[in-house]
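# Structural overview for review
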Amino acid sequence: MIRAVMERFSGRSRSATPPRTGELLSGGSRVESGPDASRGVILYLEDITVSFDGFRALNALTLYIEVGELRCIIGPNGAGKTTMMDVITGKTRPDTGSAWFGQTIDLLALTEPEIAQAGIGRKFQKPTVFERHSVFENLELAMAGDKSVWRWLFARTTAAEREQIDAVLETVGLQDRREEPAGALSHGQKQWLEIGMLLVQEPQLLLVDEPVAGMTPQETERTAELLGSLAGRHSVIVVEHDMEFVRSIARKVTVLHEGSVLAEGSIDEVQNDPRVIEVYLGV
Ligand SMILES: Nc1ncnc2c1ncn2[C@@H]1O[C@H](COP(=O)(O)OP(=O)(O)OP(=O)(O)O)[C@@H](O)[C@H]1O
Ligand SMILES: [Mg+2]
């Protein structure tokens, strides 16, 4: 169990005071303080190229995300959407290009856990909650992070932390399921719990890959509301194929194709763009 917890939360651990630039944390990881987004941009991707055996999954990709923005990324299968998230989170190293979190954090110089710790949270498609633990305990564990697992096991969560967890439960709409085992939740509710598990770590940038796959129409609608409510407080990048869902939440949409940006604008602008129509319909 402990090992599973540690592996699950190899991401960001909470601390009341952010570490100073260049400070060495236990384990020797170097973590910057939070991102400097004073120019209004939280993420800069410039000229990113990723090749797999000569095939360019990303091809000189350039993309900027503003602070508090909710951005939808769409594009046909194989366009490079997931690879882009892999680059942002340090899972895949690009061959060329640069990736900055705010103006001072060079993502290409950090490891995956360091990037998570700097404030980038990623939600994968398959929910990975602890089924036998309650909804509340899942959030407690997520809040503790890997470096505080021992503390979580042997100490109580403080009143302030419980308040924060309750606020997140309300945000994700699971306050009534607080004491139930996570295994008893529906697929959609597990997805929301996992979003909550990211939120307690207070990420500045959230990456969400295909959040509504497998959800009922009601769950899809609720997810749109949830992600919409996060914008402003967080910057959010959502990759999704469900165009109705994208229409219901999107402010700005980026269309990826063959590893580059094909079009960018409102959902109506991109859906009426002849290049986008050609890529999707082959006409
Ligand atoms: N580790 C890898 N090794 C080899 N090729 C890869 C690897 N990861 C991705 N690719 C290839 O890179 C291209 C982009 O894949 P990616 O998963 O980023 O696309 P996507 O836009 O997320 O597609 P989907 O909508 O199907 O999820 C695809 O052609 C894929 O087969
Ligand atoms: Mg993908």
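See the structure shown above.
Presented here is an overview of the structure given in this document.

Reading the values: the criteria
Residues numbered from 1 in each chain as written. Chains lettered and ligands numbered in written order. Predicted model: local features only at pLDDT ≥ 70, side-chain atom pairs only at ≥ 80, totals over all residues. Helix = DSSP H or I, 4+ residues; strand = E, 2+ residues; numbered from the N terminus. Contact = placed C-beta atoms within 7 Å. Near = placed C-beta within 6 Å. Nonpolar A, V, L, I, M, F, W, Y, C, P; charged D, E, K, R; others polar. Pairing = 2+ DSSP bridges. Axes fitted to C-alpha atoms, helices over the stretch in contact; angles between N-to-C directions. Buried ≥ 20, exposed ≤ 12 C-beta atoms within 10 Å, placed from the backbone. Left-handed = near helix turned anticlockwise from the far one by under 90°. Expected span 1.5 Å × (residues − 1).

Along the chain, the regular secondary structure elements total eleven helices and ten strands. Pairs at least 24 residues apart make up 68% of the contacts formed inside the chain by residues separated by at least 6 positions.

This part covers the site of ligand 1. Taken together, Phe52, Ala57, Gly75, Asn77, Gly78, Ala79, Gly80, Lys81, Thr82 and Thr83 make up all the residues around ligand 1. Counted by class, the shell around ligand 1 contains three nonpolar, six polar and one charged residues.

In a beta sheet, neighbouring strands pair by backbone hydrogen bonds and run either parallel or antiparallel. Read from one edge to the other, the open sheet built from four strands follows the order β2-β1-β4-β5, with strand pairing classed as antiparallel. Single-partner strands in this sheet number two, and they are β2 (55-66) and β5 (105-106).

Taken in spatial order, the six strands make up an open sheet running β6-β7-β8-β3-β9-β10, and their pairing is mixed. A single partner strand is all that each edge strand has here, and the edge strands are β6 (120-123) and β10 (260-265). Adjacent strand axes in the sheet meet at a mean angle of 20°, parallel and antiparallel pairs treated alike.

Mapped onto the elements, Phe136 comes out in helix α4 (residues 135-144). When the 20 C-beta atoms within 10 Å are taken as the criterion, Phe136 is described as buried. Setting aside residues up to four positions removed in sequence, Phe136 forms contacts with Ile165, Arg178 and Glu179.

Their axes nearest at 10 Å, the elements α4 and helix α6 (residues 159-171) cross at an angle of 120°. Crossing angle aside, the handedness with which α4 passes α6 is right-handed. Every residue of α6 that contacts α4 at Phe136, Leu139, Glu140 and Met143 is listed here: Glu161, Ile165 and Val168.

For helix α8 (residues 217-230), with 14 residues, the first-to-last C-alpha span of 20 Å sits near the 20 Å given by 1.5 Å per residue. Packing partners of the buried residues in α8 comprise β3 (70-74), β7 (205-209), β8 (235-239) and α9 (243-249). Positive backbone phi, at 100°, marks Gly232, one or two positions downstream of α8.

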